[in-house]
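The primary structure of each chain is shown beneath.
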Amino acid sequence: MDEAKPFQVSKGEVWEAYKRVRANKGTAGVDGQSIAKFEENLGNNLYKLWNRMSSGSYYPSPVRRVEIPKGNGETRPLGIPTVADRIAQTVVKSRLEPELEKHFHKDSYGYRPNKSAVEAVGVARKRCWRYDWVLDMDIKGYFDSIDHELMMRAVRKHTEEKWMLLYIERWLKAPVKLGDGTLLTRERGTPQGGVISPLLANLFLHYAFDVWMKRNSPNIPFERFADDTVCHCKSEAQAKWLKGEIEKRFTECGLTLHPEKTKIIYCKDDDRKGNYPEEKFDFLGYTFRPRRSKNRWGKHFINFTPAISTKAAKKMREKMRAWHLHLRSDKKIEDLAWMFNPVIRGWINYFGSYYKSAIYPTLRYLDTILARWAMRKYKRLRGHRRRAEQWVQRVSQKQQWLFVHWKSLNQNG
């Protein structure tokens with residue numbers, strides 16, 4: 001710590017922040033400087049950053065915008081700060097997050113330590129059994145809509161550190177650089193992709209929604225993951241009333257509910273009579289809808305429960321195809337398992353948490369891709385798709401431990 005500096009930022013904090021940024025990897029910002037390039041002159045780069053942050057002369061670079069395909073033909077803008085800016089944001093996040101965690105709502109799950117999406121899905125599942133109706137909320141362009149003045153008012157409730165307030169405001173106002181070099185000034189919003197952005201976005205909705213719900217509708221439970229929220233209501237009338245109240249609240253906060261994507265859902269099951277135009281919704285990669293289930297005594301019944309969504313299953317298959325296994329005929333099957341098991345395991349751990357059998361068709365699709373690989377790998381299988389599929393099946397039965405999905409598929413046919 002340098003006492004002569006106006007702001008108390010330690011060199012140790014900057015070093016720890018650098019280590020976190022390095023672990024998260026990530027691509028270069030507008031300056032084209034990758035982490036590897038930053039490390040070529042690491043000591044000097046970190047010293048300069050610390051010096052600027054502790055003296056008040058730190059100004060962020062513009063944020064590089066890239067467009068990420070969403071799968072429906074649309075794209076999602078992602079903002080990529082420079083490596084130095086990511087380190088600076090991590091310093092502030094490390095200071096601010098522990099304070100905010102003391103206040104955040106228990107049913108806010110997004111981008112928080114010791115909270116997870118699969119936990120949010122599980123809580124929503126249980127509440128759908130207890131409450132007949134759901135308000136499935138979608139905020140139109142949330143990250144681009146955040147009001148800077150309201151955002152800073154929320155931050156000031158939790159810190160009086162001038163340097164943190166100064167730099168957060170500068171990050172909010174940092175211009176965006178498009179692919180053609182155009183610089184866009186920002187009057188609203190915080191770019192998705194920034195280290196500090198998820199924390200700030202959570203804080204904004206903490207006051208715009210969570211605290212407001214606790215004060216105005218304490219008997220209506222909800223699960224929120226960043227801007228993705230479901231509320232559980234006892235009746236259609238209550239859901240309609242809540243939707244109207246939230247629309248008014250969001251107007252005060254500069255936010256808008258998406259008119260087409262915000263829906264009222266009837267959680268139909270064996271005990272709930274009648275029909276409704278909307279009887280399913282998607283939340284965090286799962287589709288909640290009526291499904292045929294079996295109770296502990298082996299009796300079948302209709303249960304409103306989550307399973308992997310069609311959209312998530314499609315993304316999994318796209319990822320599998322992107323591996324181009326048929327072009328890896330130089331590899332042994334053990335090599336392929338070693339390379340891709342971490343991803344497959346992640347899918348199974350997440351999408352296998354509820355109604356696991358729904359992911360089996362997508363996992364079987366991987367075996368058809370492995371059959372294509374085998375046709376290129378072994379001369380005797382070339383041109384014989386059926387024979388190649390049978391070969392994969394035999395290997396999966398003999399060496400169930402090889403690919404992480406094989407044991408589940410063999411046990412469940």
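Our structure's up above, just so we're on the same page.
Everything numeric here is computed off the predicted structure, so don't read it as measured data.

### Notes on the sheet that holds strand β1 (residues 63-69)
Strand order in this open sheet of four strands is β2-β1-β4-β5, and the pairing throughout is mixed. Among the strands making up the open sheet, the edge pair consists of β2 (75-80) and β5 (183-184).

### A few points about helix α8 (residues 162-173)
Taking 1.5 Å per residue as the helical rise, α8 with its 12 residues ought to reach 16 Å, and the 17 Å between its terminal C-alpha atoms agrees with that figure. If you check which residues of α8 are buried, you get Trp163, Met164, Leu165, Tyr167, Ile168, Arg170, Trp171 and Leu172. For α8, the elements touching its buried residues are α3 (42-55), α4 (83-101), α7 (148-156) and α9 (197-216).

### Regarding the side chain of Ser396
Here Ser396 shows up in helix α14 (residues 385-398). Looking at Ser396, its side chain comes within polar contact range of the main-chain oxygen of Gln393, at 2.7 Å. Contact partners of Ser396, with chain neighbours within four places excluded, come to Trp406 and Asn410.

### Here's the deal with the sheet that holds strand β3 (residues 133-138)
On the basis of which strands lie adjacent, the open sheet formed by four strands has the order β6-β7-β3-β8 and antiparallel pairing. Strands with a single pairing partner mark the edges of an open sheet, and in this sheet they are β6 (222-225) and β8 (263-266). Averaged over neighbouring strand pairs, the angle between their axes works out to 15° when direction is ignored. Relative to strand β7 (residues 228-233), β6 is paired through four bridges, and the arrangement is antiparallel. Residue Phe222 lies in a different strand from β7, and its bridge partner there is Cys231. Its contacts with the sheet place α9 against β3, β6 and β7, and it is angled at close to 175° to β6.

### Details of the pattern of salt bridges
Taken as a whole, this structure holds 21 salt bridges when the rule is applied. Its salt-bridge partner being Glu223, residue Arg127 comes within 2.7 Å of it at the nearest N-O pair. One end of the pair, Arg127, is in helix α5 (residues 117-130); the other, Glu223, is in strand β6, and 96 residues separate them in sequence. The residues Arg127 and Glu223 share a single accessibility class, namely buried. Each of Lys106, Asp107, Arg127 and Glu223 takes part in salt bridges that share partners, so that together they form one network.

### Brief notes about unusual backbone geometry
Notably, Tyr111 is not glycine yet its phi reads approximately 55°, a positive angle. Looking at the secondary structure, you find Tyr111 in the loop between α4 and α5. At Asn114, a position not held by glycine, the phi torsion is positive, near 65°. Residue Asn114 is classed as exposed on the basis of its relative accessible area, which comes to 79%.

### Some points on a positive patch on the surface
Together, Arg372, Arg376, Lys379, Arg382 and Arg385 make up a region of like positive charge exposed at the surface. Structurally, the position occupied by Arg382 is in the loop between α13 (360-377) and α14. Under the relative-accessibility criterion, Arg382 is labelled partly exposed at 45%.

### As for the packing of aromatic side chains
Using the criterion set out here, one finds 24 aromatic pairs in the structure. Ring plane angle 50° and centroid distance 5.5 Å describe the contact between Tyr47 and Trp50, whose orientation is recorded as tilted. Of the two residues, Tyr47 and Trp50 both sit in helix α3, three residues apart, roughly one turn of that helix. Tyr47 sits in the partly exposed class, given a relative accessible area of 43%. Among the residues examined, Trp50 registers a relative accessible area of 3% and is labelled buried. With a centroid separation of 4.2 Å and 20° between ring planes, the pair formed by Trp323 and Phe340 is classed as stacked. Of this pair, Trp323 sits in the loop between α11 (310-322) and α12 (333-351) while Phe340 is found in helix α12, placing the two residues 17 residues apart along the sequence.

### Focus: the pairing of strand β11 (residues 300-308)
Inspection of the sheet shows strand β10 (residues 286-294) paired to β11 by nine bridges, in the antiparallel sense. Residue Thr287 lies in a different strand from β11, and its bridge partner there is Ala307. Remark: five residues form the turn of the hairpin made by β10 and β11, two consecutive strands paired antiparallel; Gly298 in that turn has positive phi of roughly 85°.

### A look at the side chain of Ser293
Position of Ser293 relative to the elements: it lies in strand β10. Ser293 sits in the buried class, given a relative accessible area of 11%. With residues near it in sequence (within four places) discarded, Ser293 still touches Lys299, His300, Phe301, Asn303 and Tyr355.

How each quantity is defined
- Residues numbered from 1 in each chain as written.
- Predicted model: local features only at pLDDT ≥ 70, side-chain atom pairs only at ≥ 80, totals over all residues.
- Heavy atoms only, no water.
- Pairing = 2+ DSSP bridges.
- Helix = DSSP H or I, 4+ residues; strand = E, 2+ residues; numbered from the N terminus.
- Expected span 1.5 Å × (residues − 1).
- Buried < 20%, exposed > 50% of the residue type's maximum accessible area, 1.4 Å probe, protein only.
- Contact = heavy atoms within 4.5 Å.
- Polar contact = N/O pair within 3.5 Å; in protein donor to acceptor, adjacent residues only side chain to side chain.
- Axes fitted to C-alpha atoms, helices over the stretch in contact; angles between N-to-C directions.
- Salt bridge = Lys/Arg side-chain N within 4 Å of Asp/Glu carboxyl O.
- Patch = residues over 30% accessible without salt bridge, like charges linked within 9 Å, V, L, I, M, F, W, Y side chains within 5 Å.
- Areas by Shrake-Rupley, 256 points an atom, 1.4 Å probe, with all protein chains shown as cover.
- Lys, Arg positive; Asp, Glu negative; His and termini not counted.
- Charge placed at Lys NZ, Arg CZ, Asp CG, Glu CD.
- Phe/Tyr/Trp six-rings, centres within 6.5 Å; stacked < 30°, edge-to-face > 60°.

As far as function goes, none of this settles anything; it's purely spatial.
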